[in-house]
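Residue strings, one per chain:
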Amino acid sequence: RSYGNVLSLIVFLEMLQREGLIELNLVTLKWSWDEQRIFIETAATATVVDLMKQKIEKLPTSVGQRLSIAACLGCSFEPEVLNMVWDTVSLQKRGRGDQKDPSGEEDQNDNWISLVEQEGFLEVEQDGNTYRWVHDKVQEAAMSLLPSGELPSLKAQVATILINELDEKSVDSYVFSVVNLLREGRIPEDEEERVQLSRLSLVASKKASSASAFESAGKYAAIGVDALPANAWSSYYSLTLDLYSTAAEAACYLGNTEELDKCYNEVLDQTERPLFDKLRVYRAMISYLGGAVGRPSDAVELTVEILAHFGIRFPKRKASRWASTVYGLLKAKRSMAALHSDDITKMPTMDDPLHLEMMHLLDQLFVSAYLAKSDLMPLSIFASTHLTLENGLSEYSAPTFAGLAVLLGAALGDVKLASRIGGFAQVAMSKEESRNMDSRAELWLYAFVFVWNEPIERMTSKLFKSYKSGLSVGDNENACWCIAQYIVINFQSGKPLGMVETDCKIYLEQMVEFKRETVHADICIYLETVQNLMHPSEDDPTVMKSELRFLSHSDHTVLGVFYSCQCFLYLYFGEFEKGAKLAIKRGNAYSKGVPGHCWIMIETFVRGMCLYAMARKTKKRVYRKQARTVHRTIKAWIRKGNPNVKHYDLLFNAELAALKGKLDAAE
């Protein structure tokens, strides 16, 4: 009868005891019951809500009425606020002659809150001043005490009382309940009331968004948009723009294409309004294109078009972009080498709204260009670095420095300078109150920068912290990438495969929830690789069951991960010829596609081992030459201070000695 619901079970057992269907024998101290009688007499037993309603109805009338009002205030409330609403509602009813004065009953129930707490309907929260329902079904039961015909008007009445009697700060704390009451009670017809509902819905949406509750944020933004009057754009422009922009941002996080397109087109249709006012919906669309639906090239094109309107232009021809990149790298190297951490600490805070918007757009351009393998990636970083050095620090300065560190480390191979600039990013984060961009910056630092001159296993705890930090501020995209790198480094640093497999399964579910298709695909590849290692197939353990899906993926990073893991399986299971042919075919495509990424180390090692194995087996020059090239790459990393590849070099030295016939040296 309880369907496994604990509250239902408790309420059902209480009802059985109350009706004498189960009894405690005080002699044997055992419960006794007649199962057949229980079955017959409870065959028509209603739901848990009905049972709770029956229990509440046994309380004094005024206590039940208070609980009904409390149910309108949401999942939690302060007794003082409930008393204020109760007194006002009672006064208004008596003023209309709708309710008799409950005479002495009110005095008898001064301790009503203690009574309902003892009955198990409410419990006090840790602050000691707020009560909450023990279960939403109890709240539903309390609400159901009210006649359905009276409910809409009462909800509107309670909402009005809260708005009129509470100060602005207190109304904000009850804003979800107020909006729900106004929307559920009745659809406002008066223009002033509609605008009021829209304003409150905007507050509720932003409050939900700040708590990363994007479904609620989208719901409240939609309520606000629906409530706007017909003359909203002309008479309430700021409110309308804010609502549509907030709704677009929520739709972007939720991957709601239809709602995002609706808000995006609605704002862009205001052709007489300045472009600056439309930047929030543009940014939402850019994030959606670059992240949720895997169209980073479209995101790049849109961002470049917008930046051009504000005077930030990039060369159109490839040759010009290449020349600008070379010049920018050399200029950045000189300017960064002359800076110290103290210089970053002393920098002012960027406060110009236009500069801040340009920093945000350039940050988005960098990410989209990275995913699209666009040659605009370095140019976007140079532009945002220039804005930072000229106008001061912003929340985008940390990812700017981190991105520049990735560029200088990958393009120029200057690992020490890259690590130093990574330190600038950390200083910029320490000066910034907002934590919104920490996850983005730390993703670059711990998976692309510091891994090249620090032990890689140190990065896992930092990436996990960055994952949680990203979730806490609603940066689900970078949080997902951080946890993916956490999995990668655990695998790369030799953590137990069972642990890596468990992590993959856990976080894959979250990727589905957040609609992060690319990250989901990457983790799927690592999961299948681990499972093939742990439970090899008797037919061909190098074959991944989702191979066709991975190969047809549009994102080049997914293809890079797949081919590198495929080569890993070839090496592990002794399919050296397949591994060597794939190594020659792919070359260093992975390091070009994902420059600076920590996985490049093991991917390079795996290619080299397959090539050395075939060089020993066939004595062919093509394998030997390619193997030596890979070996030189590993040695170069060691000379620059990489502590994570020394064992790779030792294994390569052994392979080289064996290739030369020096078996004793190889051993």
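Rules used in this analysis
- Residues numbered from 1 in each chain as written.
- Predicted model: local features only at pLDDT ≥ 70, side-chain atom pairs only at ≥ 80, totals over all residues.
- Heavy atoms only, no water.
- Helix = DSSP H or I, 4+ residues; strand = E, 2+ residues; numbered from the N terminus.
- Contact = heavy atoms within 4.5 Å.
- Lys, Arg positive; Asp, Glu negative; His and termini not counted.
- Charge placed at Lys NZ, Arg CZ, Asp CG, Glu CD.
- Core = buried A, V, L, I, M, F, W, Y, C linked by side-chain atoms within 4.5 Å.
- Buried < 20%, exposed > 50% of the residue type's maximum accessible area, 1.4 Å probe, protein only.
- Expected span 1.5 Å × (residues − 1).
- Polar contact = N/O pair within 3.5 Å; in protein donor to acceptor, adjacent residues only side chain to side chain.
- Pairing = 2+ DSSP bridges.
- pLDDT = per-residue confidence, 0-100.
- Phe/Tyr/Trp six-rings, centres within 6.5 Å; stacked < 30°, edge-to-face > 60°.
- Lys NZ or Arg CZ within 6 Å of the ring centre and 35° of its normal.
- Patch = residues over 30% accessible without salt bridge, like charges linked within 9 Å, V, L, I, M, F, W, Y side chains within 5 Å.
- Areas by Shrake-Rupley, 256 points an atom, 1.4 Å probe, with all protein chains shown as cover.
- Salt bridge = Lys/Arg side-chain N within 4 Å of Asp/Glu carboxyl O.
- Disulfide = S-S within 2.5 Å.
- Axes fitted to C-alpha atoms, helices over the stretch in contact; angles between N-to-C directions.
- Parallel < 35°, antiparallel > 145°, perpendicular 65-115°, else oblique.
- Left-handed = near helix turned anticlockwise from the far one by under 90°.
- Nonpolar A, V, L, I, M, F, W, Y, C, P; charged D, E, K, R; others polar.

## Concerning the overall build of the protein
Here is step 1: Helix and strand counts for the protein stand at 37 helices and five strands.
Here is step 2: Overall, the C-alpha framework of the protein stretches about 105 × 75 × 45 Å when taken along its three principal axes.
Here is step 3: Long-range pairs, those at least 24 residues apart, make up 67% of the contacts in the protein between residues at least 6 apart in sequence.
Here is step 4: Of note, the protein has its 75 positive side-chain charges centred 14 Å away from the centre of its 86 negative side-chain charges.

## Looking at the nonpolar core
The tendency in soluble globular proteins is for nonpolar side chains to be buried as a group.
Here is step 1: Within the largest apolar cluster, 159 residues are counted, with the highest numbers of intra-cluster contacts made by Phe314, Phe401 and Ile421.
Here is step 2: If you tally residues by element for this core, the top one is helix H34 (residues 599-618), at twelve residues.
Here is step 3: Leaving out residues up to four positions away in the same chain, Phe314 has contacts with Val304, Leu307, Leu362, Leu365, Leu376, Leu379, Ser380 and Ala383.
Here is step 4: With 50 residues, the next largest nonpolar core counts Phe77, Met143, Val158 and Ala227 among its residues.

## Here's the deal with helix H21 (residues 353-372)
Here is step 1: Given a rise of 1.5 Å per residue, 20 residues ought to cover 28 Å, and the 28 Å separating the end C-alpha atoms of H21 matches this to within 8%.
Here is step 2: For H21, the tally of buried residues reaches 15 of 20 residues, placing the bulk of the element in the interior.
Here is step 3: Its side-chain oxygen at 3.0 Å from the backbone nitrogen of Leu354, Asp352 defines the N-terminal cap of H21.
Here is step 4: Positive backbone phi, approximately 55°, marks Lys373, located one or two places after H21.

## Some thoughts on the sheet that holds strand S5 (residues 131-133)
Here is step 1: Read from one edge to the other, the open sheet built from three strands follows the order S3-S5-S4, with strand pairing classed as antiparallel. Looking at strand neighbours, the two that pair on one side only are strand S3 (76-77) and strand S4 (122-124), the edges of this open sheet.

## What about the confidence of the model for the protein?
Here is step 1: Per-residue pLDDT for the protein has a mean of 86; in total, 91% of the residues score no lower than 70.
Here is step 2: Confidence drops under a pLDDT of 50 for residues 100-109, and excluding neighbours within four residues, the segment shows eleven contacts in the predicted structure.

## Notes on the packing of aromatic side chains
Here is step 1: The full count for this structure, using the stated rule, is 24 aromatic pairs.
Here is step 2: For the pair Trp233 and Tyr244, a centre-to-centre distance of 5.7 Å together with 10° between the ring planes defines the contact as stacked. Of the two residues, Trp233 sits in helix H14 (residues 232-235) while Tyr244 sits in helix H15 (residues 237-254), which places them eleven residues apart along the sequence. The pair Trp233 / Tyr244 is uniform in exposure class, with both members buried.
Here is step 3: Measuring from ring centre to ring centre gives 6.1 Å for Phe401 and Phe424, while their planes differ by 75°; the resulting arrangement is edge-to-face. Taken together, the residues Phe401 in helix H23 (residues 397-411) and Phe424 in helix H24 (residues 415-431) connect sequence positions 23 residues apart.
Here is step 4: Through successive ring pairs, a cluster of aromatic residues spans Phe366, Tyr370, Trp444 and Phe448.
Here is step 5: The lysine or arginine in question, Arg273, covers the ring of Tyr237, its NZ or CZ lying 3.6 Å from the ring centre.

## Comments concerning a nonpolar patch on the surface
Here is step 1: There is a patch of nonpolar side chains on the surface, built from Leu24, Leu26, Leu29, Trp31 and Trp33 and spanning about 620 Å² of accessible area.
Here is step 2: Looking at the element boundaries, Leu24 is found in strand S1 (residues 22-25).

## Description of unusual backbone geometry
Here is step 1: Of note in this structure, Lys373 is not a glycine but carries a positive phi near 55°.
Here is step 2: Relative to the elements of secondary structure, Lys373 occurs in the loop between H21 and helix H22 (377-391).
Here is step 3: Of note, the phi angle at Lys619 is positive, near 65°, even though the residue is not glycine.
Here is step 4: With respect to the helices and strands, Lys619 occurs in the loop between H34 and helix H35 (621-639).
Here is step 5: For Lys619, a relative accessible area of 51% gives the class exposed.

## Points about a negative patch on the surface
Here is step 1: Taken together, Glu189, Asp190, Glu191 and Glu192 make up a surface patch of like negative charges.
Here is step 2: Take Glu189: it is sitting in the loop between helix H11 (175-185) and helix H12 (191-210).
Here is step 3: For Glu189, a relative accessible area of 73% translates into the label exposed.

## Details of the side chain of Ser466
Here is step 1: Note on placement: Ser466 falls in helix H26 (residues 459-472).
Here is step 2: Exposure remark for Ser466: the relative accessible area of 1% places this residue in the buried category.
Here is step 3: One polar contact links the side chain of Ser466 to the main-chain carbonyl oxygen of Lys462, over a distance of 2.9 Å.
Here is step 4: Ser466 has contacts with Ser439, Glu442, Tyr446 and Cys482, leaving out every residue within four places of it along the chain.

## A closer look at the environment of Ser245
Here is step 1: When you line up the elements, Ser245 lands in helix H15.
Here is step 2: Expressed as a C-alpha distance, the spacing of Ser245 and Tyr264, which sit 19 residues apart in the sequence, is 8.0 Å.
Here is step 3: When near neighbours in sequence (up to four residues on either side) are disregarded, Ser245 contacts Arg280 and Val281.

## Quick notes on the pattern of salt bridges
Here is step 1: Scanning the entire structure with this criterion turns up 14 salt bridges.
Here is step 2: One salt bridge in this structure joins Lys206 and Asp242, with 2.7 Å as the shortest N-O distance. Separated by 36 residues along the polypeptide, Lys206 in helix H12 and Asp242 in helix H15 bring together distant segments of the chain.
Here is step 3: Residue classification places Lys206 among the partly exposed positions, given a relative accessible area of 38%.

## Considering the state of the cysteines
Here is step 1: The final tally for this structure, using the stated rule, is zero disulfides.
Here is step 2: Note on Cys610: no disulfide assigned, nearest cysteine sulfur contributed by Cys567 at a separation of 4.1 Å.
Here is step 3: On the basis of relative accessible area, Cys610 is assigned to the buried category, the value being 0%.

## A short note on the environment of Met350
Here is step 1: Topologically, Met350 is positioned in the loop between helix H20 (341-345) and H21.
Here is step 2: Along the backbone, Met350 and Ser153 are 197 residues apart, and their C-alpha atoms lie at a distance of 50 Å.

## As for the packing of helix H27 (residues 476-492) against H34
The description of two packed helices rests on the angle between their axes and on the distance between the axes.
Here is step 1: Remark: H27 packs on H34, axes separated minimally by 10 Å, with the N-to-C direction vectors making an angle of 40°. In terms of orientation, H27 and H34 fall into the oblique class. In the crossing of H27 with H34, the sense of the turn from one axis to the other is left-handed. Residues Val488, Phe491 and Gln492 of H27 form the contact with H34, whose participating residues are Trp599, Met601 and Ile602.
Here is step 2: Across the contact of H27 with H34, the residue classes break down as five nonpolar, one polar and no charged.

## Quick look at the packing of H34 against H35
Here is step 1: Between H34 and H35, the least distance of the axes is 8 Å, while the angle of their chain directions is 145°. At the point where H34 passes H35, the crossing takes the left-handed sense. Only Tyr623, Arg624, Gln626, Ala627, Arg628, Val630, His631, Thr633, Ile634 and Trp637 of H35 make contact with H34, whose side of the interface consists of Ile600, Met601, Thr604, Arg607, Gly608, Leu611, Tyr612, Met614, Ala615 and Thr618.
Here is step 2: Its residues placed into classes, the contact of H34 with H35 shows eleven nonpolar, six polar and three charged.

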